[in-house]
Amino acid sequence: MLKDVLREINDSDYISKANIAIKLNRTEGLIEDAFSQLIRMGYIIEDKGVNNCNISCGNCPLARSCNKEFITSIAITEKGYKLLQK
Amino acid sequence: MRTIALVGNPNSGKTTLFNALTGSNQHVGNWPGVTVEKKEGKLNFKGKEYNIVDLPGTYSLGAFSEDEVIARDFILSGNPDVIIDVVDANNIERNLYLTTQLLEMGKKVVIALNMMDEAERKNIQFDIGKLSKKLGIPVIPTIASKGIGIEDIMQASIDMIYGDIGTGSPLQYNEIINHHIEYIENVLKDEKLPYPIRWTALKIVENDEEVLQKLEESDISDDSMRNIEDFFKYHSSENFELEIIDSRYAFAHRVTEGAVKRPQEESTTLTDRIDRIVTNKYLGVPIFAIIMFVVFQLTFEIGEEILGEAAVSLIENLGGLIQVFLIAIKAPNWFISFIIDGAINGVGAVIEFVPLITILYLLLGFLEDSGYMARAAYVWDNLMRRLGLQGRAFVSMIIGFGCNVPGIMSTRTLDNKKDRMITTLINPFMSCGAKLPIYSVFIAAFFPNHGGLILFSLYTLGIMIALIMAKVFSKTLFKGESSYLIMELPPYRMPTIKNVLRNMWDNIYGFLKRAGTTVFAVVTLVWVLAVLPASAEPYGQFTILGRMGTFLAPILMPAGFGNWQASVALFAGLPAKEAVVGTLGLLYAGEYAEEGSLLINSIQQHFTSLTALSYMVMTLLYTPCAAVLGTIKKETGSIKWTVFMALYTFAIGWIVAVMVFQIGSLLGFN
């Protein structure tokens, strides 16, 4: 299933976990789980922008509104592409 | 006393079941060496007392989080007599992943199929007998929140402890993995291991680093360790971990097949249907443009024309009252001048725009929380890709609409230098919130009936210049391939009032804090420079500020606004863009103090519609503020790029502003 999810990511213009779940006849929760596993194993990387940054905001007046990003992006790693080619 | 452990995914109702089992007979401590909460309780069932342990909620029993390690160690080393695996009936397939790992450990497991009431409402049907048969362990339906099934789950657990019930169906992996497990089992068969041998062998094949480390620290012989190391050397290119995880998912799928019946889902979701239009190749950008136009129109209509006037009156009345008070207490003239001209006319001129900022961020927060902004980024991502650029860069650009500092910082997640540098260099063309007061003053003075259109045009111009410069940079300064990121589009949802208001308040707070700190400091400095030397007429051309402005004015003359006040205000905007309005407020209001003119009236005296337009274009594009330049220095680690940024943006701003003025003049606009 993990490879199928990876293939769906590769073949899509954008990622919709709900769509992948429908396509693979699995639940959305399970697809979310699969994403976590693929990230943990290094097949994909998740980019949540500055949410994960370690920048010290100090007295910056915009600190409260700065670390908000509404977009998550996924990139397939070299390891992921190798798996797809197998 | 027998011990029963409760495990389960987060939000599976595990703690509710624990409370239902133990009532008030429980105590809370910490797991040894960590700060994770450990809950234990006692249960008296049919005359016997049992120790119930609530393990941390976890999705799996790997070694990837503290919770997983605690749960795994307790199951393996704490030797519970039986494990109640709390499974959320609504998410059974996902929850069964954990179950498969429990079965791999060879432990006695009973499943509490919890939240059955919710599942029933969703019309999910279960064949409990079939589930139990396929898993090889008892499955008991429960509704822990209502105390339903509690006795049954206890009875099944006790039957498991004392009875002769098997410990579940062993999972089947593929032939190669089975072979490797057997090989490792054979290597370890005479060793004294901290964990069960088959599970240890499986974890070694799965390359579980925590188990491998535990083995190294144990009394295992050097020969066995060498054999294991050889195994990894030989199979280094293969990834059994993925195969094993997939086997667990496949097992969970086989178990639910025929035993769990979900209502037929629609082949396309509502989100899907909306996205077909909103993210359409041809319609996506026009739809985005229309939405943003409406946002700016509403911002201007409500924020400026309705609420803005009230804010202006409030600041003016407050200024009047303070002035009367200061005169009454015979405050020195210089102090009255500082408070009224500097603080009230300067900082107050910025604060007057709070309603505008409020409405804009309220509307943007609504779009963001609904999931639309992710679509907007996707639409632009597509367009940028077609221009041969990194699509993800547009996300940084959208962030830049709030403030360029986080916009630039977000570029650090781009994985190649080309993308990072280009995105950094074009980010300041995204019009940040601090520039809104400048536009608003000029719009109110010259284009009161077309506020939304002017705002929309300015933001669009910023995007266009950014795209053009990105293309120029990718063809000249930074060549190479862009990395490929795929955006995730969350489902649409009804925005929550709490999220929208919080987003709005966070932005207002930032705006007010800047007005009270940086803008106030800049305006104070500008006021000092505008009244010195004492021999010069305050706010006149022969003050220090006046002389600075007079020096700068000829540079800006070709753009049509070559008066010294406008020039020096642009300069004052370098520490913080809001200070442009603050400085204009201070200088013009100071100049016309005796006439009691408003900033807008003063601006109408010094600008025409055309020069106002070129001034707005200049403020949109020229050198970013000091905080942005500091961030660029920090992110690029280069003074060279920081200076380049300051100069090239000034040059672009100047060129476009001059073009607007000169072409406008040629066409006969005033």
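Residues numbered from 1 in each chain as written. Chains lettered and ligands numbered in written order. Predicted model: local features only at pLDDT ≥ 70, side-chain atom pairs only at ≥ 80, totals over all residues. Heavy atoms only, no water.

Section: the packing of aromatic side chains
All names here are of chain B. Per the stated rule, a full pass over the model turns up 21 aromatic pairs over all chains. Seen in terms of ring centroids, Tyr-195 and Trp-199 are 5.3 Å apart; in terms of plane orientation they differ by 80 degrees. Their pairing is edge-to-face. Judged on exposure class, the residue Tyr-195 and its partner Trp-199 are both buried. Taking 5.7 Å as the distance between ring centres and 85 degrees as the angle between the ring planes, the aromatic pair formed by Trp-334 and Phe-335 counts as edge-to-face. Classification of Trp-334 by relative accessible area gives exposed; the value is 54%. An aromatic cluster is defined as three or more aromatic residues linked by ring pairs; in this entry it consists of Phe-429, Phe-473, Trp-641, Phe-644 and Tyr-648. One residue, Lys-577, lies across the ring of Tyr-622, its end atom 3.6 Å from the ring centre. (Phe/Tyr/Trp six-rings, centres within 6.5 Å; stacked < 30°, edge-to-face > 60°. Buried < 20%, exposed > 50% of the residue type's maximum accessible area, 1.4 Å probe, protein only. Lys NZ or Arg CZ within 6 Å of the ring centre and 35° of its normal.)

Examining helix H9 (residues 209-217) of chain B
All names here are of chain B. Within the sequence span of H9, burial applies to Glu-210, Val-211, Leu-212 and Leu-215. Tucked inside the fold, the buried residues of H9 contact helix H2 (66-77), helix H8 (197-205) and helix H10 (222-234). Two to three positions downstream of the cap, the backbone nitrogen of Glu-210 sits 3.0 Å from a side-chain oxygen, assigning the N-cap of H9 to Asp-208. (Helix = DSSP H or I, 4+ residues; strand = E, 2+ residues; numbered from the N terminus. Contact = heavy atoms within 4.5 Å. Polar contact = N/O pair within 3.5 Å; in protein donor to acceptor, adjacent residues only side chain to side chain.)

Thoughts on the sheet that holds strand S10 (residues 486-488) of chain B
Read across the sheet, 3 strands follow the order S1(A)-S2(A)-S10(B) without closing on themselves; strand pairing throughout is antiparallel. Of all strands in the sheet, those with a lone pairing partner are strand S1 (44-47) of chain A together with S10 of chain B, marking the two edges. Ignoring which end each strand starts from, the neighbouring axes of this sheet average 30 degrees apart. One ladder, built from 3 bridges, connects strand S2 (residues 72-76) of chain A with S10 of chain B; its direction is antiparallel. Of the residues in S10 of chain B, the one forming a bridge with Ser-73 of chain A is Met-487 of chain B. (Pairing = 2+ DSSP bridges. Axes fitted to C-alpha atoms, helices over the stretch in contact; angles between N-to-C directions.)

A closer look at a nonpolar patch on the surface
Residues Ile-290, Val-294, Leu-298, Ile-302, Ile-306 and Leu-307 of chain B make up a contiguous nonpolar surface patch of about 500 Å² in total accessible area. Looking at the secondary structure, you find Ile-290 of chain B in helix H13 (residues 284-328). (Patch = residues over 30% accessible without salt bridge, like charges linked within 9 Å, V, L, I, M, F, W, Y side chains within 5 Å. Areas by Shrake-Rupley, 256 points an atom, 1.4 Å probe, with all protein chains shown as cover. Salt bridge = Lys/Arg side-chain N within 4 Å of Asp/Glu carboxyl O.)

A closer look at the side chain of Thr-299 of chain B
All names here are of chain B. Along the chain, the position of Thr-299 falls in helix H13. At 2.6 Å, the side chain of Thr-299 and the backbone oxygen of Val-295 are in polar contact. Setting aside anything within four residues of it in sequence, one finds Thr-299 in contact with Glu-304, Leu-356, Ile-359, Leu-360 and Leu-363.

Some points on the nonpolar core
Residue and element names in this part refer to chain B. In terms of nonpolar packing, the biggest core is built from 130 residues, with Phe-429, Tyr-439, Phe-442, Leu-584, Ile-603, Phe-607 and Tyr-615 touching the most fellow members. The residues touching Ile-603, leaving out its near neighbours within four places in the chain, are Val-441, Phe-442, Ala-445, Phe-446, Leu-584 and Tyr-588. Membership of the second largest hydrophobic core comes to 81 residues, among which are Ile-158, Ile-184, Leu-188 and Ala-252. (Core = buried A, V, L, I, M, F, W, Y, C linked by side-chain atoms within 4.5 Å.)

Quick word on the pattern of salt bridges
Within this structure, the stated rule accounts for 19 salt bridges over all chains. A salt bridge links Glu-8 of chain A to Lys-23 of chain A; its shortest N-O distance comes to 3.4 Å. Taken together, the residues Glu-8 of chain A in helix H1 (residues 2-11) and Lys-23 of chain A in helix H2 (residues 17-24) connect sequence positions 15 residues apart. The exposure class assigned to Glu-8 of chain A is buried, which follows from its relative accessible area of 15%. Shared partners join several salt bridges into a network, and the residues in it are Arg-72, Glu-104, Lys-203, Glu-206, Asp-208, Glu-210, Lys-214 and Arg-248 of chain B.

Points about helix H11 (residues 240-256) of chain B
Residue and element names in this part refer to chain B. Between the first and last C-alpha of H11 there are 24 Å, a value that for 17 residues agrees with the 24 Å anticipated at 1.5 Å per step. Across the 17 residues that make up H11, a large majority, 14, are buried. Positive backbone phi, at 85 degrees, marks Gly-258, one or two positions downstream of H11. (Expected span 1.5 Å × (residues − 1).)

Overview of the domain arrangement of chain B
Once the domains are mapped, chain B shows domain 1 (2-162), domain 2 (175-261) and domain 3 (284-666). Using C-alpha coordinates to define each centre, domain 2 of chain B is positioned 59 Å away from domain 3 of chain B. (Domains from an automatic or database assignment.)

Some remarks on the packing of H2 of chain B against H9 of chain B
Residue and element names in this part refer to chain B. Where H2 meets H9, the axes come as close as 12 Å, and the angle between the chain directions of the two elements is 55 degrees. Relative to H9, H2 is oriented oblique. Helix-helix and strand crossings are classified by hand; for H2 and H9 the assignment is right-handed. On H9, the residues that touch Val-69, Arg-72 and Asp-73 of H2 are Glu-210, Val-211 and Lys-214. When its residues are assigned to classes, the contact of H2 with H9 shows 2 nonpolar, no polar and 4 charged. (Parallel < 35°, antiparallel > 145°, perpendicular 65-115°, else oblique. Left-handed = near helix turned anticlockwise from the far one by under 90°. Nonpolar A, V, L, I, M, F, W, Y, C, P; charged D, E, K, R; others polar.)

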